[in-house]
Amino acid sequence: MAPPPPAEEPQRLSPEESLARSRAFLRVLGADETLPASAERPDAYSALVRALLSSAAVSASPAPRVSCTLTVFPAVTNMYNTLHGGAVAAVAEAVGMACARAAAGDKEMFLGELSTAYLAAARVDV
């Protein structure tokens, strides 16, 4: 049996070449595009999350209850055509805060920490 061929030496890039390749990669992703004016509004994040939720209902009596429907739009999917994990966490935060407000009243609150564990992917149009 013949010995395996010697491993290729990894290509060494200069710092300038590495920077140029990184910038080119980010340009391909669209990272150098200007954000639309609507994204610069202070409530842009909330509006984005609200757009994902439909049929949202909050009831405080007799017992607090929050229900909603999540729609998976292509704009919030990843390269696997599944709901982006960040969108899942954002929706969980919004619904969690709605639950807290339904139970405690409309008080000032903030979420100190959020941890999300994923069980399965949510596919578009399935």
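My aim in this report is to walk through the structure given alongside it, one point at a time. The structure displayed is predicted, hence computed values, not measured ones. (Residues numbered from 1 in each chain as written. Predicted model: local features only at pLDDT ≥ 70, side-chain atom pairs only at ≥ 80, totals over all residues. Heavy atoms only, no water.)

As for the state of the cysteines
Okay, step 1: Using the criterion set out here, one finds zero disulfides in the structure.
Okay, step 2: Counting only cysteine sulfurs, Cys-99 is the nearest neighbor of Cys-68, a cysteine outside any disulfide, at a range of 8.4 Å.
Okay, step 3: On the accessibility criterion, Cys-99 (36% relative accessible area) is partly exposed. (Disulfide = S-S within 2.5 Å. Buried < 20%, exposed > 50% of the residue type's maximum accessible area, 1.4 Å probe, protein only.)

Examining the packing of helix α2 (residues 44-52) against helix α3 (residues 85-104)
Okay, step 1: Interaxial distance between α2 and α3 falls to 10 Å at its minimum, and their mutual angle equals 95 degrees. Here α2 lies roughly perpendicular to α3, going by the angle between them. Packed against α2, whose contacting residues are Tyr-45, Val-49 and Leu-52, the element α3 presents Ala-87, Ala-90, Val-91, Glu-93 and Ala-94 at the interface.
Okay, step 2: Looking at the contact of α2 with α3 residue by residue, the class counts come to seven nonpolar, no polar and one charged. (Axes fitted to C-alpha atoms, helices over the stretch in contact; angles between N-to-C directions. Helix = DSSP H or I, 4+ residues; strand = E, 2+ residues; numbered from the N terminus. Parallel < 35°, antiparallel > 145°, perpendicular 65-115°, else oblique. Contact = heavy atoms within 4.5 Å. Nonpolar A, V, L, I, M, F, W, Y, C, P; charged D, E, K, R; others polar.)

Considering α3
Okay, step 1: Taking 1.5 Å per residue, 20 residues should reach 28 Å; α3 reaches 28 Å between its end C-alpha atoms and fits that length.
Okay, step 2: Turning to α3, its buried residues are Ala-87, Ala-89, Ala-90, Val-91, Met-97 and Ala-102.
Okay, step 3: Immediately beyond the C-terminal end of α3, within one or two residues, lies Gly-105, with a positive phi of roughly 90 degrees. (Expected span 1.5 Å × (residues − 1).)

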